[in-house]
Amino acid sequence: MTALIEERLREVADRYPRREAAVLPSLYIAQEVYGWLSHEAIKMVSDSLNLPDAFVRGVATFYYMYRNKPMGRHLIQLCTNVSCMLFGGERIVEILKERYNLEPGGTSPDGRFSLIIMECIGACDMAPAMLVGKDLHGGLNEKNIFEILDRYE
């Protein structure tokens, strides 16, 4: 598996004139494979790009889209921008706390979900909205939030 990841990282690096430009997509590959960016995953990226570990770690910790700790099987990214809050986003956060014991930035005790509060996911017309993995869900309310999340085991 390591050889396959290294090959993917080389392919990405070869698309860019400078290795620094390949850091973001390389981190995505590592996160996709390992589920989060452990010290080992960051080292693999830094070694493959011949860049200092500190540089790669700095990028990985600067952007919120990278996970720097183990996550649940399904990542919920809940929007808390103005539109989503006006249409009940705060209540959705409370529901997730009550039903799944899921705090923002945390993982449910069963390891099923992790919750990240996002400033905006670009779905204001569907407020309140969330991403579960890559799936966009909008018009969230006290009833459909359970129907949606029940699909994710």
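Higher on the page you've got the structure.
Structure report, in brief. Since this is a predicted model, take the numbers as computed values, not measurements.

### Things to note about the side chain of Gln-31
Stage number 1. Relative to the elements of secondary structure, Gln-31 occurs in helix α2 (residues 23-34).
Stage number 2. Residue classification places Gln-31 among the buried residues on the basis of a relative accessible area of 4%.
Stage number 3. At 3.4 Å, the side chain of Gln-31 forms a polar contact with the backbone oxygen of Met-65.
Stage number 4. For Gln-31, the contacting residues outside a window of four places in its chain are Trp-36, Leu-37, Met-65, Tyr-66 and Arg-67.

### Digging into a nonpolar patch on the surface
Stage number 1. A surface patch of nonpolar side chains, about 490 Å² in accessible area, is lined by Leu-24, Tyr-28, Phe-62, Tyr-63 and Met-65.
Stage number 2. Position of Tyr-63 among the secondary structure elements: in the loop between α4 (53-62) and β1 (74-79).
Stage number 3. Exposure remark for Tyr-63: the relative accessible area of 34% places this residue in the partly exposed category.

### A few points about the pattern of salt bridges
Stage number 1. A full pass over the atoms with the stated rule returns 10 salt bridges.
Stage number 2. Several salt bridges share partner residues, and in doing so they unite Arg-91, Glu-98 and Glu-142 into one network.

### A word on the pairing of β1
Stage number 1. With six of six residues buried, β1 lies mostly within the body of the structure.
Stage number 2. Burial along β1 is two-sided: the residues His-74, Ile-76 and Leu-78 and Leu-75, Gln-77 and Cys-79 are all buried.
Stage number 3. When β1 meets strand β2 (residues 113-118), the two strands line up parallel, connected through six bridges. Paired with His-74 across the bridge in β2 is Phe-113.
Stage number 4. Both β1 and strand β3 (residues 130-132) contribute to a ladder of three bridges, which runs antiparallel. What sits directly across from Ile-76, in β3, is Val-132.

### A closer look at the packing of α2 against α4
Stage number 1. Where α2 meets α4, the axes come as close as 10 Å, and the angle between the chain directions of the two elements is 75°. When the axes of α2 and α4 are compared, the pair comes out roughly perpendicular. Note on element contacts: α4 touches α2 through Phe-55, Val-56, Val-59 and Ala-60, opposite Val-23, Leu-24 and Leu-27.
Stage number 2. Class assignment for the residues of the contact of α2 with α4 results in seven nonpolar, no polar and no charged.

### What to know about the environment of Ala-54
Stage number 1. Relative to the assigned elements, Ala-54 resides in helix α4.
Stage number 2. Each C-alpha atom, one on Ala-54 and one on Asn-81, is 32 Å from the other, the two residues being 27 residues apart in sequence.

### Topic: the side chain of Arg-112
Stage number 1. Secondary-structure assignment places Arg-112 in the loop between α6 (89-100) and β2.
Stage number 2. When residues no more than four places from it in sequence are discounted, the contact partners of Arg-112 are Gly-72, Arg-73, His-74, Tyr-100, Leu-149, Asp-150, Tyr-152 and Glu-153.

### A few points about helix α3 (residues 39-49)
Stage number 1. Along α3, the positions that sit buried rather than exposed are Ala-41, Ile-42, Met-44, Val-45, Ser-46 and Leu-49.
Stage number 2. Residues of α3 that are buried make contact with α1 (2-14), α2 and α4.
Stage number 3. One or two residues past the end of α3 sits Asn-50, with phi positive at roughly 55°.

Basis of the calculations
Residues numbered from 1 in each chain as written. Predicted model: local features only at pLDDT ≥ 70, side-chain atom pairs only at ≥ 80, totals over all residues. Heavy atoms only, no water. Helix = DSSP H or I, 4+ residues; strand = E, 2+ residues; numbered from the N terminus. Buried < 20%, exposed > 50% of the residue type's maximum accessible area, 1.4 Å probe, protein only. Polar contact = N/O pair within 3.5 Å; in protein donor to acceptor, adjacent residues only side chain to side chain. Contact = heavy atoms within 4.5 Å. Patch = residues over 30% accessible without salt bridge, like charges linked within 9 Å, V, L, I, M, F, W, Y side chains within 5 Å. Areas by Shrake-Rupley, 256 points an atom, 1.4 Å probe, with all protein chains shown as cover. Salt bridge = Lys/Arg side-chain N within 4 Å of Asp/Glu carboxyl O. Pairing = 2+ DSSP bridges. Axes fitted to C-alpha atoms, helices over the stretch in contact; angles between N-to-C directions. Parallel < 35°, antiparallel > 145°, perpendicular 65-115°, else oblique. Nonpolar A, V, L, I, M, F, W, Y, C, P; charged D, E, K, R; others polar.

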